[in-house]
2 protein chains.
Amino acid sequence: MPRQITAFSNSTVKLLRSLRDKKARRSSGLFLAEGLRILTEAREEGRLPEILAFALQGAQHPLAQEMIAAVEAAGGDCIECPPDLLSKMSGKDNPQMLLGAYRQPDTSLAALDRGKSDLWVVGEKLRDPGNIGTILRTGDAVGAGGLILIDDSADPFAVETVRASMGALFTQSLAQASWDDFLPWLRSGPGQLVGTSLQTEHDYRDAPYEAPCFLLIGNESQGLPDAYEAECDLLVKIPMSGKADSLNAAIAAAVTAFEVRHAWRNR
Amino acid sequence: MPRQITAFSNSTVKLLRSLRDKKARRSSGLFLAEGLRILTEAREEGRLPEILAFALQGAQHPLAQEMIAAVEAAGGDCIECPPDLLSKMSGKDNPQMLLGAYRQPDTSLAALDRGKSDLWVVGEKLRDPGNIGTILRTGDAVGAGGLILIDDSADPFAVETVRASMGALFTQSLAQASWDDFLPWLRSGPGQLVGTSLQTEHDYRDAPYEAPCFLLIGNESQGLPDAYEAECDLLVKIPMSGKADSLNAAIAAAVTAFEVRHAWRNR
């Protein structure tokens, strides 16, 4: 049976609240996801939260009932809280009525199944958690295997990332590595490294993309370092018509990824 | 000469701080933009802030000096503040060293120069200020005329929108209208209304886009209402390979807009 908890000072409540901070996520190895839709998607991927917090009105839905039963059967902790407590935990004024604390997966390159897909996104020093989540969501839509975060990126387990991913954090693979570790790993198997750059005349719409393809997306404000561009097997340029000379990182990833997918469809 | 202000209680400081709230933006008709890069881009578009706040270290750059002189010459108010005051105004821990309060432009459809471009984005009930900013930034890159916000959208003059637009708020046109006002306006001139939808077999890569083209992007969680889809001259579908059946609104706008631009390039 779920425990009923109403006190802000309860240790489980404190733990869940703490997961909005990167330090607590790192020390506990947990992260938060919210909402019946995303939690159900996680469950379809075989992922259950270790702790499930819900408000009474969030537990009415049959899928929520199943979720509670599944978490309890798996030995997880289910707690029922008033909505204002859930609100404190998620940091949202209008909290979702379900909140799960999940174990972070192994994000080492060694754990990545690179044969799972022929398309991967590689993000260099991405600093915006929302961008990381949006790239994961796009990766799911375009049939990518996942996202490899290079060097010092924002925490992919931030609440903002999970929200923006709309559940894709559970369907896309995720790895974190330094460039120096990534490069030998990449070259240990087949894979074309494709960078977007302003320093090439190769239009992204007319480029010889090869499978498997690893799309390298640069940091939001600096773009790719020259040394990283030099390692690419192919550089492509997205033409710009306006005053700006850059795109949002998630937009650049999406425009290129959809192009690669389309180019292959016509092979 | 710029005034030096150090007091949080100063009325100009209070006004600038208040502009993070929608109500204050509406009543004052002003909005905030930050950073030398964006403020310079605005100036190149002939837009100067009515109030310019800066920290001493932000005023060293020649472009900042020119900006201060230009604002003063135009009768604007220049104030020099300590960085912690700027931080309070922008709501950022690491504030940009320049902050401008700009007059909001007329966002009526009547003020829109629809002949300015052959490509426009129309957003229906967009709720995420970051998405609106990202769409403006993408619009600039793809040579769109601007963004028309339909029905009840997030405030396009929110600090988050201006930031995500990376200056495109000053280069792209912006209008706000109800659907009932937009539709007769659209039909009063040439224009193909194109919606993205799951309820069509028309692949977005193989669609007869006509200029001028108005790309209609639906709300982040609901997508386009059926009645709005029914008004479209063309519905296109972006194929999805994963578990998800939707894209982030800014991603959908970008993928489609780049496709339209490319299709026309080959005419």
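This structure is a prediction, so every number in the text was calculated from the model and none was measured.

*Asks:* Describe in detail the overall build of chain A, supporting the description with residues and values.
*Replies:* Counting secondary structure elements, chain A contains 11 helices and 11 strands. Relative to the compact-globule value of 18 Å for 267 residues, chain A shows a C-alpha radius of gyration of 20 Å, a close match. Expressed as lengths along the three principal axes of its C-alpha atoms, the size of chain A is roughly 60 × 35 × 30 Å. By residue count, 57% of the 267 residues in chain A fall in the buried class. Long-range pairs, those at least 24 residues apart, make up 79% of the contacts in chain A between residues at least 6 apart in sequence. As displayed, chain A has an accessible area near 11100 Å², and 47% of this comes from carbon and sulfur atoms. Side chains of chain A give 27 positive and 35 negative charges; the mean places of these two sets differ by 5 Å.

*Asks:* Which residues make up the relation of the copies chain A and chain B, and what values do they have?
*Replies:* Overlay of chain A on chain B (RMSD 0.0 Å): rotation 180 degrees, translation along the axis 0.0 Å. Taken together, the turn and the small shift mark the pair as related by a two-fold rotation axis. Most of the interface of chain A is mirrored in chain B, where 100% of its interface residues are also at the interface.

*Asks:* Give me the lowdown on the domain arrangement of chain A, citing residues and values where you can.
*Replies:* Residue and element names in this part refer to chain A. With domains assigned, chain A is organised as domain 1 (3-103) and domain 2 (109-265). With centres defined by C-alpha atoms, the gap from domain 1 to domain 2 works out at 31 Å. Summed over both partners, the interface of domain 1 with domain 2 buries about 1300 Å², with 64% contributed by carbon and sulfur atoms. Looking at the side of domain 1 facing domain 2, the largest losses of area belong to Arg 25, Phe 31 and Ile 38, adding up to 36% of the total buried there. The tally of links between domain 1 and domain 2 comes to two salt bridges. Linking Asp 155 and Arg 25 is a salt bridge whose minimum nitrogen-to-oxygen distance equals 2.7 Å. Seen at the junction of domain 1 and domain 2, the total is four residue pairs in polar contact (both at pLDDT 80 or more). If you list the elements that add at least two residues to the side of domain 1 that touches domain 2, you get helix H2 (22-28), strand S2 (30-34) and helix H3 (36-44).

*Asks:* Can you tell me about the packing of helix H1 (residues 11-18) of chain A against helix H5 (residues 83-90) of chain A, naming the residues and giving the values?
*Replies:* Residues and elements named next belong to chain A. In the contact formed by H1 and H5, the axes pass within 7 Å of each other and the chain directions differ by 40 degrees. Put simply, H1 runs oblique to H5. Residue-level contacts link Val 13, Leu 16 and Arg 17 of H1 to Leu 85, Lys 88 and Met 89 of H5. Classifying every residue of the contact of H1 with H5 by side-chain character gives four nonpolar, no polar and two charged.

*Asks:* A description of the interface of chain A and chain B should follow, citing residues and the corresponding values.
*Replies:* Between chain A and chain B, the residue contacts involve 33 residues of the former and 33 residues of the latter. Surface buried jointly by chain A and chain B totals about 2700 Å² across both partners, of which 52% is contributed by carbon and sulfur atoms. Contact with chain B buries area across many residues of chain A, yet Arg 137, Arg 205 and Phe 258 of chain A alone supply 23% of it, more than any other trio. Put simply, chain A and chain B have two salt bridges between them. A salt bridge links Arg 205 of chain B to Glu 259 of chain A; the shortest N-O distance between them is 2.8 Å. Linking chain A to chain B there are eight residue pairs in polar contact (both at pLDDT 80 or more). Secondary structure elements with two or more residues in the side of chain A that touches chain B: H3, helix H6 (129-141) and helix H11 (249-265) of chain A. If you tally residues by element for the side of chain A that touches chain B, the top one is H11 of chain A, at eight residues.

*Asks:* Account for the sheet that holds strand S2 (residues 30-34) of chain B, naming residues and giving values.
*Replies:* Strand order across the open sheet formed by five strands is S1-S4-S3-S5-S2 (chain B), with mixed pairing between neighbours. Pairing within the sheet leaves two strands with one partner each, and these edge strands are strand S1 (3-4) and S2 of chain B.

*Asks:* Requested: an account of the nonpolar core, with residues and values cited.
*Replies:* Grouped together as the largest cluster of nonpolar side chains are 110 residues, with contacts concentrated most on Leu 119 and Tyr 209 of chain A together with Leu 119 and Tyr 209 of chain B. Once you skip the residues sitting within four places of it in the chain, Leu 119 of chain B turns out to touch Val 142, Ala 144, Gly 145, Gly 146, Cys 213, Leu 215, Ala 257, Val 260, Arg 261 and Trp 264 of chain B.

Cut-offs and rules
Residues numbered from 1 in each chain as written. Chains lettered and ligands numbered in written order. Predicted model: local features only at pLDDT ≥ 70, side-chain atom pairs only at ≥ 80, totals over all residues. Heavy atoms only, no water. Helix = DSSP H or I, 4+ residues; strand = E, 2+ residues; numbered from the N terminus. Rg over C-alpha atoms; globule rule 2.2 N^0.38 Å. Buried < 20%, exposed > 50% of the residue type's maximum accessible area, 1.4 Å probe, protein only. Contact = heavy atoms within 4.5 Å. Areas by Shrake-Rupley, 256 points an atom, 1.4 Å probe, with all protein chains shown as cover. Lys, Arg positive; Asp, Glu negative; His and termini not counted. Charge placed at Lys NZ, Arg CZ, Asp CG, Glu CD. Least-squares fit on C-alpha atoms with pLDDT ≥ 70 in both. Domains from an automatic or database assignment. Buried area = accessible area lost by both parts, 1.4 Å probe. Salt bridge = Lys/Arg side-chain N within 4 Å of Asp/Glu carboxyl O. Polar contact = N/O pair within 3.5 Å; in protein donor to acceptor, adjacent residues only side chain to side chain. Axes fitted to C-alpha atoms, helices over the stretch in contact; angles between N-to-C directions. Parallel < 35°, antiparallel > 145°, perpendicular 65-115°, else oblique. Nonpolar A, V, L, I, M, F, W, Y, C, P; charged D, E, K, R; others polar. Pairing = 2+ DSSP bridges. Core = buried A, V, L, I, M, F, W, Y, C linked by side-chain atoms within 4.5 Å.

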